[in-house]
Amino acid sequence: MGCAPSIHVSQSGVIYCRDSDESNSPHQTTTISQGAATLHGLFIKTDAADSIPSVLAYQSRQQPPPSAGPRRKERREPGASARGRAPRCCGVEAETQTSTASAKQASTTEVQIGPMRLTQDPIQVLLIFAKEDNQSDGFWWACDRAGYRCNIARTPESALECFLDKHQEIIVIDHRNSRYFDAEDICRSIRATKPSEHTIILAVVPRTSADQEETSVLPLLNAGFNRQFMENSSITACYNELVQIEHGEVRSQFKLRACNAVFAALDHCQEAVEITSEDHVIQYVNPAFERMMGYHKGELIGKELTELPKSDKNCVDILDTINTFIKKGKEWQGVYYARRKSGDSIQQHVKITPVIGQGGHFVSLKRLHCTNENNKQLYKSHRDEKYTGDNFQSESHSFKCKNRRKDSADVKSITSQSSDAPSLQARRYSSTARIHSMTIEAPITKVINIINAAQENSPITVAEALDRVLEILRTTELYSPQLGTKDEDPHTSDLVGGLMTGGLRRLSGNEYVFSKNMNLSHSHPSVPNTINDVPPCIAQLLDNEESWDFNIFELEAVTNKRPLVYLGLKVFARFGVSEFLNCSEATLRAWLQVIEANYHSSNSYHNSTHAADVLHATAFFLGKDRVKGSLDHLDEVAALIAATIHDVDHPGRTNSFLCNAGSELAVLYNDMAVLESHHAALAFQLTTKDSKCNIFKNIDRNHYRTLRQAVIDMVLATEMTKHFEHVNKFVNSINKPMASEETSSHSEGSDCECTANIKNFPDNQTLIKRMMIKCADVANPCRPLELCIEWAGRISEEYFAQTDEEKRQGLPVVMPVFDRNTCSIPKSQISFIDYFITDMFDAWDAFAHLPVLMQHLANNYKHWKTLDELKCKSLRLPSENNN
């Protein structure tokens, strides 16, 4: 068995380990690692390492000798310098890890609170010590002995981050030395968080000498500490302190924490509940009581029952009878008349139960004991207060997909919690009253008011249903469908989750940074001076650019992966962009070169070929009669520019990836529409940076602002989190009104009238432009089969590469099904078409009339379905591969 191994550190930072009882055998010496190693479950890190993580989790260790002092001495080689010592802190991962307590001790504990039986998990302890010393070791080994899970933080930032992640029951903060951090500031920052409400915080203070007067504990209590611990590195002393805290404050706080569940039940209880003290001072009322009586809890809590108005319909001696019962500890129940805030008397069935004990309480349960007419009157009164008073509802929308996205969203309403202070409530009431007296109304407010009015004379069942409608209308996610669980359809769930979430919570300390290619000149083969100077092979291809079946990949090949400049010159000339912008063709050509240079050719999908493809689709849509008749020349120019720049400097990773990786762009744009915001901002930055490529330099300021706003709006519309909002608004504002007009009118000029009406409403033009670029951006499934297959392979490869990188960096895998070893590309295409494409292109086809696209879509969907039924993961059928 022998002694503990000795550790040697070379000047290069390489750690060598040798067992002491075999020190005479050179072949037993083993190089563990450079900078970091694992030895007997202990993370070791030398000074040669780049950094020391500020949040540490102790792993399993050998039990120390009884005295902490000698043990620290033994941990250093005789004659070794402090620099040569290998600190045993330092986990090599940046994120917090939880140490594993002794298996025989780390067990759950059952706690009883009234009739409620609770199970308490092993206690978690957070030690906040800037430096490792005997005191921190003492608490660590005390945690190990007690079976607690322990984390150590070295800095205030990491301490707060660790606590918000783990919610430890006990926190021990080193208050002995302010050289490294201010312990009281750390305590205050933790106390400012909601989870700290039930946490016990212990201050380790320096031991005072016999001739010193002991300092007051009040400053510590004011800072948020619960206790102080006089410096003592004895493991037994630390153990005793922690165990006393567990069986005292922690156990009590655990019971109090469980009371939150009881209050949640009371808040959602249909019966009115009132709790008073032995002196009949109101301590709690639930929302049902507020609705029944017409008061807000802030007007009631703290008041004596005698202060509230009484109904004159009760028997004279009813209160004496009630008091006689409850003072003897007996339950009373019967019929009682109460007076609401409005002055109305209502008949209630009341049950009052005394809770005996020190500082006892009386619990009253009340429900209506009245006629249907009274019920209806009370319901109406409650409803008016609910939507005109302070009891607003906030909705939490959960995404769930039932079969497909056509199901209605299920919105969960959570009653907002408010302060109990009467003065604050009075101010909030007056503010709310002013808001509801305003004459300015949003459309949704008018709808809600109409529904409220309809509830006036409706049966209760109808009124309740309309209440549900109002809850749904108040959500901020009116157009977002529900996403299903991954068990239902992992391809759809992963794809939708990855594309429609603006970013997941950052779970790692890794950072993803990509450099922005803001180069104004690159070494490229020569580009044409004018559209007439295009090489014959390219010109021949471009002759077919007005056809939907135009092969963008052939143009990519002949232009050496620079199709955007050539196609852009041709399309922009066809739509008179230079003339509208009053810029020369040379300026336009230089601008196209700069934009294309800032697309990443290394991306398999999001490169300049994709930009050229979207530009081609946009130009094709602009050529359709109804689209052309609905938009102005400025709209056409804005659409073509937006299509050209919509993915410039795309890194080949999704928004969720950038947010999870903590990229510079995610931080800059607050995790919202990160890439889309960057594409638009960079494009204008590149354009205005150099006069040679500034296509906007000669246009009027007002035209520029209008054009710029239109371009930005279209680029931001390509972000998928707003997909269903854009589609539904288009259907409701464009498709349905036009269908109604076409049905009611059979004259030849009806179509012209439709487009003329759209032109009269700029909002409708905006919806059309958004829908147009959205369809152009994801039109791959509507292309001819060979083009569709190529695009499917390219986007899948880009997602595969992202999944590979997420695994390498330890980031959350946003779309797990896009694993190159297991993914079924046909399934992913079917899910994408089902969820995003079909409805959107049905709506767009109804407006723009696109029979060729819809035929391609049907053929391509059938192709993917056939591959899926054959359980084929390739992109082509075996017969097609043979051909």
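Presented here is an overview of the structure given in this document. Since we're looking at a predicted model, the values are computed, not measured.

Another aspect to go through is a negative patch on the surface. Negative charge collects at one region of the surface, where Glu278, Asp279, Glu304 and Glu307 lie side by side. Relative to the helices and strands, Glu304 is located in the loop between helix H8 (297-300) and helix H9 (318-327). On the basis of relative accessibility, which here comes to 36%, the residue Glu304 falls in the partly exposed class.

For the structure shown, the criterion picks out zero disulfides. No disulfide involves Cys775; its sulfur sits 7.9 Å from that of Cys782, the nearest cysteine.

The strand order across the open sheet built from five strands is E15-E14-E18-E17-E16, with neighbouring strands paired in antiparallel fashion. Only two strands of the sheet have a single partner each, and these edge strands are strand E15 (282-285) and strand E16 (332-339). The average angle at which neighbouring strand axes cross in this sheet is 30°, direction not considered. For strand E14 (residues 272-277) and E15, the ladder comprises three bridges, and the chain directions are antiparallel. Across the sheet, the residue bridging to Thr276 is Ile282, located in E15. Contacts from H9 reach E16, strand E17 (345-355) and strand E18 (361-368) within the one sheet, and its direction differs from that of E16 by about 140°.

Counting residues in each nonpolar core, the largest one holds 114 residues, and the members touching the most others are Leu581, Trp591, Phe621, Ile641 and Trp844. Trp140, Tyr148, Phe229 and Ile235 belong to the second largest nonpolar core, which has 24 residues in total.

The next subject is the pattern of salt bridges. Considering all chains together, one arrives at 24 salt bridges under this definition. Arg188 is paired through a salt bridge with Glu184; the nearest N and O atoms lie 3.5 Å apart. Of this pair, Arg188 and Glu184 both sit in helix H4 (residues 183-191), four residues apart, which is roughly one turn of that helix. Judged by relative accessible area, which is 41%, Arg188 ranks as partly exposed. Judged by relative accessible area, which is 18%, Glu184 ranks as buried. In this structure, Asp868 engages Lys827 in a salt bridge whose closest nitrogen and oxygen atoms are separated by 3.2 Å. Of this pair, Asp868 sits in helix H32 (residues 851-869) while Lys827 sits in helix H31 (residues 825-848); the two residues are 41 residues apart in sequence, bridging distant segments of the chain. A relative accessible area of 18% means that Asp868 is categorised as buried. According to the relative accessible area criterion, Lys827 is partly exposed, its value standing at 35%. When salt bridges with common partners are traced through the structure, they connect Asp133, Asp174, Arg176 and Glu231 into a single cluster.

Close contact between H31 and H32 brings their axes to 10 Å; oriented N to C, the two are set at 160°. Accordingly, the angle class assigned to the pair H31 and H32 is roughly antiparallel. With respect to the hand of their crossing, H31 and H32 are arranged in left-handed fashion. Along the contact surface, H31 presents Pro826, Lys827, Gln829, Ile830, Ile833, Asp834, Ile837, Phe841, Asp842 and Asp845, while H32 presents Pro851, Leu853, Met854, Leu857, Tyr861, Trp864, Lys865, Leu867 and Asp868.

About the thresholds
- Here the residue numbering is sequential within each chain, running from 1 through the sequence in written order.
- Local features in this predicted model are restricted to residues whose pLDDT is 70 or higher, and side-chain atom pairs enter the listing and the counts only when it is 80 or higher, whereas totals over whole chains, interfaces and linings include all residues.
- Hydrogens are left out, water is left out, and the side-chain values use all remaining heavy atoms of the structure.
- Here the term patch refers to residues with relative accessible area over 30% and no salt bridge, with like charges joined within 9 Å and nonpolar side chains (Val, Leu, Ile, Met, Phe, Trp, Tyr) within 5 Å.
- Computed by Shrake-Rupley with a 1.4 Å probe, the accessible areas treat only the displayed protein chains as cover when residues are assessed.
- One speaks of a salt bridge when a side-chain nitrogen belonging to Lys or Arg is within 4 Å of a carboxyl oxygen belonging to Asp or Glu.
- Positive residues here are Lys and Arg, negative ones are Asp and Glu, while His and the chain termini are left out of the count.
- Note that the charge is assigned to NZ on lysines, CZ on arginines, CG on aspartates and CD on glutamates.
- Comment: elements are numbered from the N terminus, with helices defined as DSSP H or I runs of at least four residues and strands as E runs of at least two.
- Relative accessibility decides the category of a residue: with a 1.4 Å probe and only protein chains considered, values under 20% of the type maximum give buried, values over 50% give exposed, and everything between is partly exposed.
- By definition, disulfides here are pairs of cysteine sulfur atoms that lie within 2.5 Å.
- DSSP bridges decide pairing: two strands pair if at least two such bridges lie between them.
- In this analysis an axis means a line fitted to C-alpha atoms, helices contributing only their contacting stretch, and an angle means the value between N-to-C directions, from 0 to 180 degrees.
- Here, residues are in contact when the closest pair of their heavy atoms is within 4.5 Å.
- For our purposes a nonpolar core is just a set of buried Ala, Val, Leu, Ile, Met, Phe, Trp, Tyr and Cys residues, chained together by side-chain atoms within 4.5 Å.
- Geometric relationships in this document are graded by angle, where less than 35 degrees denotes roughly parallel, more than 145 denotes roughly antiparallel, 65 to 115 denotes roughly perpendicular, and other angles denote oblique.
- Crossings are classed by handedness, with left-handed meaning an anticlockwise turn of the near helix from the far one by less than a right angle and right-handed meaning a clockwise turn.

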